[in-house]
Each structure stands twice: as structure tokens, then as C-alpha cells.
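Chains, contacts and geometry: an overview
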Amino acid sequence: MSIASQQPNQRILILGGDGFCGWPTALHLSDAGHEVIIVDNLSRRMIDVELEVESLTPIRPMSERLAAWREISGRDIGFHRFDVARNYQRLVNLLCEFMPDAIVHFAEQRAAPYSMKSPAHKRYTVDNNVGATNTLLAALVESGLDAHVVHLGTMGVYGYGSAGMKIPEGYLKVHVETEAGGMTTDEILYPAHPGSIYHLTKTQDQLTFAFYNRNDGVRVTDLHQGIVWGTQTEQTARDERLINRFDYDGDYGTVLNRFLMQAAVGHPLTVHGTGGQTRAFIHIQDTVRCIELAIGNPPAAGERVRILNQMTETHRVRDLADRVAALTGATLDYQPNPRVEAVENDLHVANDTLIQLGLRPTTLDTGLFTEVTDIAARYAHRADTRRIVCRSAWRADRQVPDVETG
Ligand code: NAD
Ligand code: USQ
């Protein structure tokens, strides 16, 4: 039995529970016996309309998703549609009525390329993400509740690469000289090194959490997550109406899922630059499990913000491409990199806490690759191949020409 399911009566509010990580988390926690309510403004579905692309998998409207879950599990999940960043009073009222024990906060714009598309996208991402986090914390303080906030942060707050050092879980031990010429030791938040406007908002979130934790005693776990891959979890696979979203487009698709999808539809694998970028990864099944572990192990009253690195392995982009190519026969297309990022980097990450709490990592294996390529092949007819190449550039001189418009 999992740690969290030993406490089956928790009330859990899930902000952003219609998304790629939020929906499977809501089902997983509901299945474990918790009382779950989702808040989501469906902005992600509206961004699909803006980008003229859809999830490769046919995700159902929220009411159908919830009805299917009720039919299959016999359990209810509540749903409130509103913007967490802009509906302060609605959030306060919901907190006071539902009185959650834990709040899982996914409700942010999460794509780095989308955040870099234009000044309007930069401003939207900052306003939405920084606003949602501050609104949640201010509302929680006003409600007087002692709910545990579990936030989805990102490995990208650290930057990628630490000169051979293992990136610690959030805090860096520093030795500094005192005025008197002696030495003193302290622990500080690991220096922020965001690589996009999106990643910048996650570094800003860190300071917001630190402030409300110190000033108001809000208990927070910030999960610095790596790139999520895979599609289905045990619960989303139970019925096609519960299927999880699968982003493959140049803005929202993440690298490994994109390569697997590209192989399935016969598109060359789009490696940026030399493919020497090393990143941290985690499978979606482990994401939901980590969140359950975090909820089951809340920080004590007065404890500083707990930061956990939520990743299970690191890989270089070109090695992933080689691996997918060897498995599928796909070809590689080394493209000019639209991003401003290190051409090559190493990455070593400490992830001891979640392992100690009981996480048994699902590592990259060809069986799981097949699960993703099977899904991609099944829904290949829904793919719009014009949306595959990343066109969002970090700077004007990185612009990738659009073959459609010239
Ligand atoms: P997603 O875009 O699929 O889901 C986010 C959900 O939040 C969407 O349903 C969206 O409609 C909702 N939302 C956004 N702003 C909102 C607001 N102001 N009010 C209410 N609802 C709002 O993203 P995801 O992949 O599920 O990511 C969830 C979280 O996990 C994000 O914060 C992201 O930064 C983090 N994360 C994701 C990954 C990944 O690879 N997907 C990796 C690391 C961290
Ligand atoms: N890349 C390619 N080819 C592609 C797509 C990406 O080579 O077709 C490269 C990128 O240039 C980058 C790396 O792959 O070097 C990762 O890109 P990504 O789009 O998979 O991931 P990223 O932009 O970092 O963002 C994703 C999620 C974000 C999360 C982050 C975790 O969208 O929400 O925070 O992963 S992390 O990367 O650890 O910061």
C-alpha cells in the first residue's frame, strides 16, 4: 500500500487538473480513495485553438471525462471552471467550503517555446504563472487553512549543468568568509538560471513560496520536475474516454514524446543543434506516484519550503534520438537550434528524497517506447505534420523559416 493511500480521507484540490499531468494525477488520487476537486480554466484547450493544433489523442470534454470516471470507478471528482490567477474571491470561497488538506498546483502555462513566441506570449506567461501562485497563497492565508501546497516546479530553474557537481534538492550549501576573517556556512536557494520566460516564472514562484512560508507559515513542497514522457497511466488507460493528452506540436510537444510520435508518423527526428543538451526525464506514471508521495509526507509546521527533484534519469537529446531511430528505423534531422541554450552540457542530479519515500523509477525502456509509439500510430491520422517543426525562436536571429509561408 502506498504511503498516501494509508490516509484515504484527504480532501485534495487540484489546480490545473485538466492538463497532461493534472488529469492523470486527479484520477490516481481519486482511485487511492481521496476526495478530489479540480479547478481549471481550460486555457490549455483554448491555446490549442490559437495554435490550430489538437492533442494527438482525442481528449474528451471535461463533463465526459468525469462521467466516464464515475461510471468506471464509482467515484466522483468535482470540477470548477475558473482562472486561478484572476478569480481571487472564487478561490477563497472554494477553499473555505471544501477545506482541502492538500492543494496540488499545476495551473500554469508550461511551454518554453510558447512563452517565447512574442511579447504578448511573454507577458501572458508571466502574468498567468506568477499571478496564479501569488493568488493561491494569498487566498490560502486569508482562508486560515493549513493546507499543504504541492507545486509543480521544474528542473530548469537550476539551469542545466553544474561543472560536474550534483545538483542538490533546492538548496546549496555555501561557505563564506565572515567580517572577522573566519568562515561560516549557510544554505541558500540554488542560484536561479532560467533559460526561457516560462522557466523564469518558475524561479519567481520559488521566491513567492519562500516568502509565504517564512511570513505566514504556509507549508509547501516544490517538486522540481524533469521532462515528462509517456502518455497513459494505470487509470487513464482504463477507458478511451479517460485518455490523457499527447502534445506533439513545436510549442507544447516535449522532446522524447515528439521523437516517438515523429517515428510513428514517418517524420525525421527533429534534433536541435548538435543534440548535445542533457536533460532530466520522468515517466508520467512516476509523476502521479511522486505527487502521491509528496502529499503523504507533508512538511512539518515551521519547516522551510521542501524542494524535491522529481526526475528519474538524465539523457542527452542526440542519444534519445539514436535510441528511437535504432528501434524504429527513423532518420535524424539535425536542425538549427531556435533556442538560446548551451550547445552541450552534462547534468547530475540528486533525487534521493523521493526514492527514500518509496519511488521505484520507471526507466526508459523499449517496452514503454512501444506504448507511446502504439498510441501515436493509432492516432497518426489526427497528426498535422505542418505543426511538428519548432518555429518559436528565442531571438529574431534564430527564426526558423516557415515553409508554408516562405
Ligand atoms: P498542461 O498545460 O497540460 O496543464 C496545465 C493546466 O493548467 C491546463 O489544463 C490549463 O488549462 C490549466 N491552467 C493554466 N493556467 C491556469 C489558470 N490561471 N487558472 C486555471 N487553470 C489554469 O501542463 P502539464 O504538462 O500538465 O504541466 C503541469 C505543471 O507541471 C506545470 O506547472 C508545468 O510547469 C509542470 N511541469 C510539466 C512538465 C512536462 O513535461 N509536462 C515537466 C516539468 C514540470
Ligand atoms: N529539443 C530538440 N528537438 C525537439 C524538441 C526539443 O532537440 O524537437 C531539445 C530542446 O532544444 C531542449 C530539449 O530538447 O534542449 C528539451 O526540450 P523540451 O521541449 O522537451 O523541454 P523544455 O522546453 O525544457 O520544457 C519541458 C516542459 C516544461 C518543463 C521542462 C522540464 O514543457 O513544462 O518544466 O520540460 S526541464 O526541461 O527539466 O526544465
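Conventions adopted
Residues numbered from 1 in each chain as written. Chains lettered and ligands numbered in written order. Predicted model: local features only at pLDDT ≥ 70, side-chain atom pairs only at ≥ 80, totals over all residues. Pairing = 2+ DSSP bridges. Helix = DSSP H or I, 4+ residues; strand = E, 2+ residues; numbered from the N terminus. Axes fitted to C-alpha atoms, helices over the stretch in contact; angles between N-to-C directions. Contact = placed C-beta atoms within 7 Å. Near = placed C-beta within 6 Å. Buried ≥ 20, exposed ≤ 12 C-beta atoms within 10 Å, placed from the backbone. UniProt positions renumbered as here; feature names shortened; annotations may be inferred. Nonpolar A, V, L, I, M, F, W, Y, C, P; charged D, E, K, R; others polar. Parallel < 35°, antiparallel > 145°, perpendicular 65-115°, else oblique. Left-handed = near helix turned anticlockwise from the far one by under 90°. pLDDT = per-residue confidence, 0-100.

The 3 strands lie next to each other as 9-11-13, forming an open sheet whose pairing is mixed. Across the chains shown, the open sheet's two edge strands, defined by having one partner strand only, are strand 9 (227–229) and strand 13 (313–316). The mean angle between the axes of side-by-side strands here comes to 45 degrees, regardless of whether they run parallel or antiparallel. With respect to the sheet, helix 9 (residues 284–296) is in contact with strand 9 and strand 11 (278–283), its orientation differing from that of strand 11 by roughly 75 degrees.

Neighbouring ligand 2 are 23 residues; T154, M155, G156, V255 and H272 lie closest to it. For the shell around ligand 2, the secondary-structure elements that each account for two or more residues are helix 8 (255–265), strand 10 (269–272) and strand 11.

We now examine the environment of K122. Considering the arrangement of structural elements, one finds K122 in helix 6 (residues 119–143). Overall, K122 belongs to the partly exposed group, with 18 C-beta atoms counted inside 10 Å. For the pair K122 and V176, spaced 54 residues apart in the sequence, the C-alpha separation amounts to 37 Å. Once residues lying within four places of it in the same chain are set aside, the contact partners of K122 are S115 and I197.

On the UniProt side, "domain: NAD-dependent epimerase/dehydratase" (unreviewed entry) is annotated at positions that read residues 12–300 here. The span residues 12–300 carries 40% helix and 20% strand; its end-to-end C-alpha distance comes to 18 Å.

Close to ligand 1 lie 29 residues; G16, G19, C21, L152 and V228 are nearest. Put simply, the parts of the chain that give the shell around ligand 1 at least two residues each are helix 2 (43–51), helix 6, strand 5 (148–154) and strand 9. Residue composition of the shell around ligand 1, by class: 12 nonpolar, 10 polar and 7 charged.

Strand order in this open sheet of 7 strands is 3-2-1-4-5-8-12, and the pairing throughout is parallel. The open sheet has two free edges, formed respectively by strand 3 (77–80) and strand 12 (306–310), since each of these has just one partner strand. Mean inter-strand twist for the sheet, computed between neighbouring axes without regard to direction, equals 20 degrees. Here strand 1 (residues 11–15) pairs with strand 2 (residues 35–39) via 5 bridges, running parallel. Paired with I14 across the two strands is I38, which belongs to strand 2.

Turning next to the packing of helix 8 against helix 12 (residues 366–378). As a packed pair, helix 8 and helix 12 sit with axes 8 Å apart at the nearest point and diverge in direction by 55 degrees. Of the possible angle classes, the one that applies to helix 8 and helix 12 is oblique. By crossing handedness, the relation of helix 8 to helix 12 is classed as right-handed. Contact residues: helix 8 offers N257, L260, M261, A263, A264 and V265, while helix 12 offers F369, V372, T373, A376 and A377. Counted by class, the contact of helix 8 with helix 12 contains 9 nonpolar, 2 polar and no charged residues.

A separate point is the confidence of the model for the protein. For the protein, the mean per-residue pLDDT works out to 95, and 97% of the residues sit at or above 70. Residue range residues 1–5 is modelled with pLDDT below 50. Its contacts to residues more than four positions away, or to other chains, number 16 contacts.

Position of D83 among the secondary structure elements: in the loop between strand 3 and helix 4 (88–98). In this structure D83 comes out as partly exposed when scored by C-beta crowding, with 18 C-beta atoms within 10 Å.

Of note, V84 is situated in the loop between strand 3 and helix 4. Judged by C-beta crowding, with 26 C-beta atoms within 10 Å, V84 ranks as buried. Each C-alpha atom, one on V84 and one on N41, is 7.7 Å from the other, the two residues being 43 residues apart in sequence. With near-sequence residues (within four places) excluded, V84 lies in contact with L15, V39, L91, A107, A132, T135 and L136.

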